[in-house]
Amino acid sequence: MFAEAEATHAAGWFLEHAWLIPVIPAVAFFLIIFFGKKMPRGGSEIGIAAMLASFVIAAGATYQWIQWTHHSEEAIDKTLTWWSSGPLKFSIGQHIDGLAVMALVLVAFISTLVQIYSTEYVRGDRRYTHFFASLTLFSAGMLAMVLAPNMVQFVLGWEIMGLCSFMLIGHWWEEEANARAALKAFFTVRTGDMGLLVGTAMLLAVFGTLDIGGEHGINAMAAAGEFDSKSMLMWTAVALFIAAIGKSGQFPLHTWLPDAMAGPTPVSSLLHSSTMVVAGVFLVARIYPVFHIGLDINVAGHHFNFIAVIGGITILIAAGLAFVQNDIKKVLAYSTVSQLGYMMMGLGVGAWMPAVFHIFTHAFFKCCLFLCAGSIAHTGSHHSFDMKTDMGGLRKKMPVTFVTWVISTAALCGVPFFSGFFSKDEIIDSAHANDYTVFWIIGLIGAFMTTAYMTRATYLTFFGKARGGAAHFVDGHEDHSHDAASDEVHHDVDGLDTHAHPVHDDHHAPLNHGKPLPFAPDDSPWQITAPLILLSFLALVAGYLNAAPFHWHSFEHWLESSIGLPIGEGGIPEPPAFEWVNALPSIVLVLAGFAVSLFLSKKVFFNDEKSPFKGLTERNSLLGAGHRFLVNKYYLDALYEGVIVKSIAHPIAKAAYWVNQNVLDGVVNSVGITGRRTGEWVYRNVDQRVVDGAVNGSGATARGAGGVLQPVQSGKVSMYGALLFGAAAVGALVLVLVNS
Amino acid sequence: MHDVLQNQQWLLSLGVFLPLAGVLVMLFIPKSDESTVKGVAILTAAATLLVGIYTMTQFDYGKAGSLQFFTTNNWITPIKATYTIGLDGISLPLYVLSMIITLLVMIYSWDHVPSPGNPKAFFILMLVLQTGMAGTFVAQDLILFFVFFEVVLLPMYFMIGVWGGENRQYASLKFFLYTMFGSALMLVSFIALFVVTRSHAADPEAANFSFKWFLENGADVSKNTAIWIFAGMFIGFAVKVPMFPFHTWLPDAHTQAPTQGSVILAAILLKLGTYGFVRIAIPFLPQAATKWAPVIGVLAVIGIIYGALGCLAQTDMKRLIAFSSVAHMGFVMLGIATLTPLGINAALFGMVAHGLITGMLFFVAGSVKERYHTLEIKRLSGLLQQVPKLGWILGMCAMASLGLPGLAGFWGEFPAILSSWNPLHGDGLPYGGLSLTLFRWLTVIAALGTVLAAGYLLWLYQRTAFGNPTAEFAGLGADGAHGHDAHGHDAHGHDAHAADAHGADAHGEGGHELIHDVNKFEWIAWTPLLLAIVVFGVLPQLMFKLFDPGVVELVKVFGGK
Amino acid sequence: MLLNQFLILGALLFCMGVYGVLTRKNAVMVLLSIELILNSVNINLLAFDAMNGNSDGNVFALFIIAVAAAEVGVGLAMVLLIFRNRKNISLDDLSEMKG
């Protein structure tokens, strides 16, 4: 049954049984559905146990893979025939190489943390069990896709994720907006999937197989040039790339991503860090030779890869959009889109390794950032994600959240020695080294913009005066902190929670916060903060696996067999040697972005802080200064947005947003409406009148003929008899005449 | 292909005609004794299914490509018709599926006999239908095939005409006339084919109507004649499938038919047409098939897009599902039109999958109608709140229908797309290849159809299942409209609870019954279908393994790979 | 020339039967007339059978006798039912089939 079993004897148990990694959560999904309700913790324990088990196997596989790479570059393939048709065989199983192992351990790890986090975050939710079932299936889908030995299994995982994203984004479907967002997400991705279906069919036509690895797999054949026509390969790559664009929210199919924030925060975090949206990038990385050779465009003797164009556009557009968002999750969502743009650009400019490394590091800090946003909403801002109305000044009350947020932000911005620096800077550097000058500049601008919007978000959330929901939390607690009884504090906090927005009351029925960590008594409970700490630690250190400045290249060594192309002549370009001079522009721009934001925000901060101090010491004067304070605040907000947004990104961002809302969304909507109208028109006019008309017409003709013949049917037996015998007589006469 | 296994020759005849024995017994039971009538009918169907299962156990899966349980006898000697029946991997799943569907529909009918009642006649018609359907799938003689093909028609006509909705007269007549029209042309083609092959044959005396004769002699017919004969068969089968533009009977028939009728119609009857293409039209007349394939492909793709557009325009849930059949059968026909093993395998899988999924969707629609007395999408909302289990089942079926991998629907669509990118082509094919350019464009358009399918199904789901119940039905839920802890997927564990809810039904305020969730009979009838959708979705090889040998044999004549 | 006499007898009987079917109002009489027609056909069949020397005609005649018996059985039952419901078996009054 298992092919190549003996060839992989030395690979170790975990590597040979890596196929268990998606199977465990898939089984757990059914267990949760059928038995979850009866479990004491509503099925969440099954989900967490399954993800933990997957993670343990994935970690074991990682260890063994590292051992394996010392003496072999072979991938570990084990497959069963899934279905066959004539000579074609399509298998299901595992194709384990560096890329797959990296993604497996990443997904399993983050899924585990997100599930632990969710036990607190969606506690008391009306569809608690169902939520965990969907999460588990979602992870199973991603894991199945990651270790897919062929495109069919890849499609399976890909589509299962699509389904689960539909269920999870629409988790609170009682509100129409959520239901619509879920529909939009599924539909947009599905539009891209058209490319996946057709592209897979094309792959079969070009290579005669859908296997990814192996001697006669897609990668090997594409790399060796074993295909008939280059233009066919190009169209194949284009079709598949459309799918990647849809899934990874690349321009111009990114519009579903911010809407997808309607789902619960753990979902956003899982979707945006290591699973769903990464799937598109992963597709490109997985069958990289197809894209590298297929989308290679030759303009006037200068080769460049089309993927870089889409990646570059996405970086700028998404970063620009991130400026005008007030919803903290939408800032992060656009930031994800922008970072995915970096990955795509990296793959486009031939920097496979940095791009994949960016998938790796990005997962940690982006997951952490989303979970921080959830932590703030859960504890600090009364389930609101609006930075302007319900946040601010949270850094002291939520120290764990604050510190982990700052670390992750630094990693995201690419501050030197944080993980993002080692991956993102490599991408930018490679763009420079590989003669993609325009994209090098785009990357640098992107780095600047990233720092700027993240600084803005950080300020609005953690600094300045506490507003709205956050003010309740900060001030309400401050009053009580002078009291002795800490019990009462918690009681009061709970009391406040019941005042939350009625809509969200539904979702968090009786709110009993769990136990917080001892050194942060007011912060979120440990189920939330523990994952944050772990993730931010990794956001800090994960980059050292492939730290070019120190010539540490373990990650590269583990993964290089997965590229599918040789490095150097006839393959992808050699990675540039790291020099601080080359990294300098990006470091300078990051610092500049930070400085500009810092400068502007300090003004906001001081002006903001002035009034709360007054308000805190003299409550009456706060009331007296109310009007001036509001105007002042408005003015500073205008200044803040006026300087940062208007002078730097306003025209771009507004235009992009306008295009986003009017052109792209308009196209999507009008296509939908036109489709419906056409459908109605065709149905009414063609179907009901023409086609049906013909049928009814023949019926009418028959009826008319019947009317003419009606008198014959007199009902008199003797008349029938006469007709019968008359006809027989005529028949006999004819017979006689004919025969004689 | 022509080697046959003549083991247990009685088995297929027993499976086909056992329902008629049940009908005989039922004739002697008084009409008023409803539960005995139903019991005997269900027992008969169950016994038939047992025969079917026994057939499956006796089936030699290593020789799925050759006919098994084969038997041949003289039947109507003067016109050279023979009683020849046999079963291979292609027909086995459909044969057993027809038995399963009949039994499940009967179980569902236990407490869902549609107005105006009279279960005796209703169950008898279903048994007769069963004989016709099973017979069509095992017949190995054109006349016998034709007889069974037509036997199906009458019971369905009465089911729609007597137990149907308001517009049933019109719908049933349309169904009948349309199909009869197709059948007439088909019969003419059959006879013409017989006459022509006999005149070409070395030994005209040996000519008969068995499939074997046509497989051996059909290819000798001159191309022009073959194209005309194929045209007649094409219309006969295309009406049944139904292909654009012969589909207009389908929405009416489905909308007006009682739930049971819709389910049988969708699950089995439509497959008779596609089965006819695979079993008769294409292998008998390969020289005409390569000429007709582009036409079939184009019409199939038009059907895909057109059906989807039709769905988007519907305001009635049942009509929407009916239109979706046009789109799905388009994928099946597209697979057939490629004339490759992959395409025909996909088509066969698509037939079974569509039977399971659309059958389930019609079941759900019937149950919604029974509870809400309407299927207007506008008036339905919040099914997930009021009848969560029903809502989840609808969701699962919608997902299966739009071709989600892991569920059965995918294996009809995806390989069809794969194959239509690579249709029969190449050099040195005995009957020529197909136009790559044309079929590749068709592939792209068909892929667009999958997007539209997602569009209309999810839109349907969003409008009916999400949100809150509309005002007219609010408060009629079995356990109140609010504070309701969604049961979600764990519904199977709650059979007893569901039955209780059913038992506790009382007439609520305003003359409306309380709306209850899925009841016991519905669970029994639906669980096998739902399980099958998942199992065949996860393990497609179960089915492909059966089809493949027969299909490879079948397309060998075209010389493709 | 024995054959001719049989055929003439058959033709006479047939004409009598046809006359009865067309003119009689009483349903029972019509049934009797139909019997006459059938039997005239039997005579013809047997005559041809004797002429050809094989037994095909015999078989057909036996077949017709059986069918005729069934036909009379069903026909009389119907007439009885009609009489029970209407107290009348005049065919002129039975015109429900008028289209």
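The model shown is predicted, which means the values in this text are computed figures rather than measured ones. (Residues numbered from 1 in each chain as written. Chains lettered and ligands numbered in written order. Predicted model: local features only at pLDDT ≥ 70, side-chain atom pairs only at ≥ 80, totals over all residues.)

S.K.: Could you give an account of the overall build of chain B, naming the residues involved and the relevant values?
M.R.: The number of helices and strands found in chain B is 21 helices and two strands. Taken against the 2.2 N^0.38 rule, which gives 24 Å for 561 residues, the C-alpha radius of gyration of chain B at 23 Å falls within 12% of a compact globule. The principal-axis extents of the C-alpha atoms in chain B amount to approximately 80 × 55 × 45 Å. Within chain B, counting contacts between residues at least 6 apart in sequence, those at least 24 apart form 78% of the total. (Helix = DSSP H or I, 4+ residues; strand = E, 2+ residues; numbered from the N terminus. Rg over C-alpha atoms; globule rule 2.2 N^0.38 Å. Contact = placed C-beta atoms within 7 Å.)

S.K.: Summarise the overall build of chain C; cite the residues concerned and give the values.
M.R.: Along its length, chain C carries three helices and zero strands. In chain C, the succession of α and β elements from N to C terminus is α-α-α. For chain C, whose C-alpha radius of gyration is 16 Å, the value lies well above the compact-globule estimate of 13 Å for 99 residues. Seen through its principal axes, chain C has C-alpha atoms that stretch 50 × 25 × 25 Å. The burial tally for chain C puts 15% of its 99 residues in the buried class. Long-range contacts, defined as pairs at least 24 residues apart, comprise 46% of the intrachain contacts of chain C with a sequence gap of at least 6. (Buried ≥ 20, exposed ≤ 12 C-beta atoms within 10 Å, placed from the backbone.)

S.K.: Provide a residue-level description of unusual backbone geometry, including the pertinent values.
M.R.: Residue and element names in this part refer to chain B. The omega torsion of the bond from Val 241 to Pro 242 falls at -10°, within 30 degrees of zero and hence cis. By the secondary structure assignment, Pro 242 is in the loop between helix H9 (223-240) and helix H10 (249-256). Phi at Lys 80 takes a positive value of approximately 65°, unusual for a residue other than glycine. With respect to the secondary-structure elements, Lys 80 resides in the loop between strand E1 (68-76) and strand E2 (81-87).

S.K.: Break down the interface of chain A and chain B for me, citing the residues and quoting the values.
M.R.: Across the boundary between the two partners, chain A contributes 52 residues, which contact 50 residues of chain B. Looking at the side of chain A that touches chain B, the elements with two or more residues in it are helix H2 (20-35), strand E1 (76-85), helix H5 (128-146), helix H6 (151-169), helix H7 (176-207) and helix H28 (626-709) of chain A. In terms of residue count, the dominant contributor to the side of chain A that touches chain B is H7 of chain A (15 residues).

S.K.: Lay out the environment of Leu 295 of chain A in plain terms, naming residues and giving numbers.
M.R.: Residue and element names in this part refer to chain A. Among the structural elements, Leu 295 can be located in the loop between helix H13 (288-294) and strand E3 (296-299). Sequence separation of Leu 295 and Gly 348 is 53 residues, and the distance between their C-alpha atoms is 8.8 Å. If sequence neighbours within four positions are ignored, Leu 295 has contacts with Met 234, Ala 237, Phe 241, Asn 305, Phe 306 and Ile 307.

S.K.: Can you explain the confidence of the model for chain C? Please cite residues and give values.
M.R.: Overall, the predicted model of chain C reaches an average pLDDT of 87, with 95% of residues at or above 70. Across the interfaces of the predicted complex, the ipTM metric reaches 0.84, alongside a pTM of 0.78. (pLDDT = per-residue confidence, 0-100.)

S.K.: Talk me through the pairing of E2 of chain B; I want residue IDs and the actual numbers.
M.R.: All names here are of chain B. Most of E2 sits out of view: six of its seven residues are buried. In the sheet, E1 pairs with E2 via six bridges, with the strands oriented antiparallel. Looking at the pairing, Ile 76 lines up with Ala 81 of E2. Once E1 ends, the chain turns through four residues before running back antiparallel as E2, passing Lys 80 with a positive phi of about 65°. (Pairing = 2+ DSSP bridges.)

S.K.: Tell me about the packing of helix H3 (residues 91-109) of chain B against helix H4 (residues 119-138) of chain B, residues and numbers included.
M.R.: All names here are of chain B. Interhelical geometry of H3 versus H4 gives an angle of 170° and a closest axis separation of 9 Å. The angle between the axes of H3 and H4 places the two elements in the roughly antiparallel class. Mapping the contact onto sequence places Ser 91, Leu 94, Tyr 95, Ser 98, Met 99, Thr 102, Val 105, Met 106 and Ser 109 in H3 and Phe 122, Phe 123, Met 126, Gln 130, Met 133, Ala 134, Phe 137 and Val 138 in H4. Across the contact of H3 with H4, the residue classes break down as twelve nonpolar, five polar and no charged. (Axes fitted to C-alpha atoms, helices over the stretch in contact; angles between N-to-C directions. Parallel < 35°, antiparallel > 145°, perpendicular 65-115°, else oblique. Nonpolar A, V, L, I, M, F, W, Y, C, P; charged D, E, K, R; others polar.)

S.K.: Please give an account of the environment of Leu 257 of chain A that cites residues and values.
M.R.: All names here are of chain A. With respect to the secondary-structure elements, Leu 257 resides in helix H10 (residues 256-259). Judged by the 25 C-beta atoms lying within 10 Å of it, Leu 257 is buried. Separated by 183 residues in the primary sequence, Leu 257 and Glu 74 place their C-alpha atoms 37 Å from one another. When near neighbours in sequence (up to four residues on either side) are disregarded, Leu 257 contacts Gly 249, Ala 333 and Val 337.

S.K.: Account for the confidence of the model for chain B, with residues named and values stated.
M.R.: Counting all residues, the mean pLDDT for chain B is 85, and 92% of those residues have values of 70 or more. Within the model, the stretch residues 479-511 of chain B combines pLDDT values under 50 with 59 contacts to residues more than four positions away or in other chains.

S.K.: Lay out the environment of Leu 383 of chain B with the relevant residues and their values.
M.R.: All names here are of chain B. Assignment of secondary structure puts Leu 383 in helix H15 (residues 383-386). Assessed through the 28 C-beta atoms surrounding it within 10 Å, Leu 383 is described here as buried. Beyond its immediate sequence surroundings of up to four residues, Leu 383 is in contact with Leu 390, Gly 391, Leu 394, Thr 464 and Ala 465.

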